[in-house]
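# Fold and contact review
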Number of protein chains: 2
Amino acid sequence: LKELKQVTVIGLGLLGGSISSGILRCCSGVRVVGYAHRQSTRQKAEELAIASHISDSLPQAVLKADIVILATPIGIFEQVFEEIGPHLPAGCIVTDVGSTKVMSHKWAQAKLPDTVCYVGSHPIAGAELRGVEYSRDDLLDRAVCILTTTKETDPHSIEVLKHFWTKMGCSIKLMDPAEHDRIYANVSHLPHITAASLVNATNENHINAAGKGFLDTTRIASGPADIWADVLVTNANNIIDGLDELMTELHRFKKVIKSGNKEQIAKLLDKARNKRAALVDYKLKHKEII
Amino acid sequence: LKELKQVTVIGLGLLGGSISSGILRCCSGVRVVGYAHRQSTRQKAEELAIASHISDSLPQAVLKADIVILATPIGIFEQVFEEIGPHLPAGCIVTDVGSTKVMSHKWAQAKLPDTVCYVGSHPIAGAELRGVEYSRDDLLDRAVCILTTTKETDPHSIEVLKHFWTKMGCSIKLMDPAEHDRIYANVSHLPHITAASLVNATNENHINAAGKGFLDTTRIASGPADIWADVLVTNANNIIDGLDELMTELHRFKKVIKSGNKEQIAKLLDKARNKRAALVDYKLKHKEII
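Let me begin by describing the structure that accompanies this report. (Residues numbered from 1 in each chain as written. Chains lettered and ligands numbered in written order. Predicted model: local features only at pLDDT ≥ 70, side-chain atom pairs only at ≥ 80, totals over all residues. Heavy atoms only, no water.)

## A look at the sheet that holds strand β8 (residues 144-148) of chain B
Residue and element names in this part refer to chain B. In spatial order, the strands read β7-β8-β9; together these three strands make up an open sheet with mixed pairing. Taken across any chain shown, the strands that pair with only one partner, and hence form the sheet edges, are β7 (120-123) and β9 (171-175). Each adjacent strand pair in this sheet contributes to an overall mean axis angle of 25 degrees, direction not counted. Along the sheet, helix α7 (residues 177-201) contacts β7, β8 and β9; its crossing angle with β9, the most-contacted strand, is approximately 110 degrees. (Pairing = 2+ DSSP bridges. Helix = DSSP H or I, 4+ residues; strand = E, 2+ residues; numbered from the N terminus. Axes fitted to C-alpha atoms, helices over the stretch in contact; angles between N-to-C directions. Contact = heavy atoms within 4.5 Å.)

Below you can see the structure in the form of structure tokens.
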């Protein structure tokens, strides 16, 4: 594997800032160049020293990059690919950390020059907070990082990224972008909509009576709306399927509660309980949670 | 207020055990008698010393009680009221810590003698774990405790219970049982069903890809199924209304996601985000969370 000299991170929010500072912590000798569109973000990033250099020029920022990481909202990926395309050095690896992957691959294919290689990345980490000021250089510790690849993806670039994310504390899984989007519609995008819908369905006059259970169940609804709107819109079909399945389950509960059949209610609850227990066991066993 | 000499806790699970040991910690001089149906539970309770005395006789346990607290599943309240009725001393205050209140008031009215006073209690605290071994004498610290009362409820008994739960670390709110059940259908029972439905709707082949967001959103689905079946069955009508409202919100999301209208999606997400932010502010301001 060729030695990494420079990684450029485009977009310095919670995730971009955490990746930048994580590289400083985990990959000694690598120069990290951070780019943010807003002057105020760049200033905060400078103050927090989350990169080796903060650039106010997108072309300049990528000019000598071995790896370019897009950490902006998904909605501007296409435009960023277009803008950086002519300035990327040959052999550069371009990746992104967006939560959906089919569209990113499509845009990369259309907008990036043939002299560079695109691989999708999705580190399963984050928080409901936003902004570079919430960056943590250990955010990716123990995270799973999905790499999305197609038959056309350059094998060497996959190896470089595997090595890079592993150094950042991640364990790696490879997926096809369509498979990725199907799975994460189910385990991430659907819970997000559910949490938001639960809050929206709660009577204004009742909500302050909520306890810890409600707060936990709805935590992710505090995530940034614009970033999540991009996620949902780029994975619409899978999410609609998931919503239908969720509503089927809710109807099932409604039916047994209406009938007053305690055994049937307990059976549905127990199914969920056992399934979640198996998930927690898996996560502990694979050291994805502690 | 008359001096408390004995409190009897019936049912020594996570909540009953925590209340027992909490009384030992917070109310010095008060004798705590714990009763559990199962010998194995009594033995664990003895070993953990969560009460002054563990009794294997329900009549004996309540014979000298100033306050009796039911901490069993709701489904056996009626039977417990019937069994303890003849043995309760005159002036005894009977309460319970169940999550629904209309049925408890009804059963108390029908089964308890006129010589005792019933008030409903609902400390908003708990965990997804079950069993006396998970008892914590500080479980009620900072919890809100709802007291449910009707026009017939003895005012002195309300004062005694207010004082008691306050000593246990709770802040007190008074509610009518019907109002209580309406509110907690919304903020507690509906989230529980939602969490369980989300787990049940998740493809077995996808679930292990879940991250922290999914785990948090579904945490309460790991709660004990039989206890929760009792809760849901005793608050069916309110919960069915809540399920309908939730499904309306999910349909709203489905519609805007289908249309691909990013602004409309962001608007729904933002509504939830702002509403939850206001809730968190309220909780912080009232020191219900830290």
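## A word on the interface of chain A and chain B
Taken together, the contact between chain A and chain B spans 80 residues of the former and 80 residues of the latter. Taking both sides of the interface into account, the surface hidden between chain A and chain B amounts to around 7,800 Å²; carbon and sulfur atoms contribute 68%. Summed over the shared surface of chain A and chain B, the result is six salt bridges. Salt-bridge contacts for B:Arg219 lead to A:Asp216; the nearest nitrogen and oxygen are separated by 2.7 Å. At the surface where chain A touches chain B, the tally comes to 36 residue pairs in polar contact (both at pLDDT 80 or more). Contributions of two or more residues to the side of chain A that touches chain B are made by α7 (177-201), α8 (212-218), α9 (225-233), α10 (236-259) and α11 (262-285) of chain A. Top contributing element to the side of chain A that touches chain B by residue count: α7(A), with 16 residues. Partitioned by chemical class, the residues of the side of chain A that touches chain B number 42 nonpolar, 18 polar and 20 charged. (Buried area = accessible area lost by both parts, 1.4 Å probe. Salt bridge = Lys/Arg side-chain N within 4 Å of Asp/Glu carboxyl O. Polar contact = N/O pair within 3.5 Å; in protein donor to acceptor, adjacent residues only side chain to side chain. Nonpolar A, V, L, I, M, F, W, Y, C, P; charged D, E, K, R; others polar.)

## A word on the relation of the copies chain A and chain B
In screw terms, the move from chain A to chain B is a rotation of 180 degrees and a rise of 0.0 Å along the axis, fitting with an RMSD of 0.0 Å. These values place the two chain copies in the arrangement generated by a two-fold rotation axis. By C-alpha distance to the rotation axis, the residue of chain A lying nearest is A:Thr217, at 1.9 Å. Interface overlap between copies: 100% of the residues of chain A at the interface are likewise at the interface in chain B, consistent with a symmetric, same-surface contact. (Least-squares fit on C-alpha atoms with pLDDT ≥ 70 in both.)

## Comments concerning the packing of helix α10 (residues 236-259) of chain B against helix α11 (residues 262-285) of chain B
All names here are of chain B. At their nearest, the axes of α10 and α11 sit 8 Å apart, and the two run at 150 degrees to each other. With respect to α11, the element α10 is oriented roughly antiparallel. Where α10 crosses over α11, the handedness of that crossing is left-handed. Contacts from Arg-252, Phe-253, Val-256 and Ile-257 in α10 reach Gln-264, Ile-265, Leu-268 and Leu-269 in α11. Residue classes in the contact of α10 with α11 are distributed as six nonpolar, one polar and one charged. (Parallel < 35°, antiparallel > 145°, perpendicular 65-115°, else oblique. Left-handed = near helix turned anticlockwise from the far one by under 90°.)

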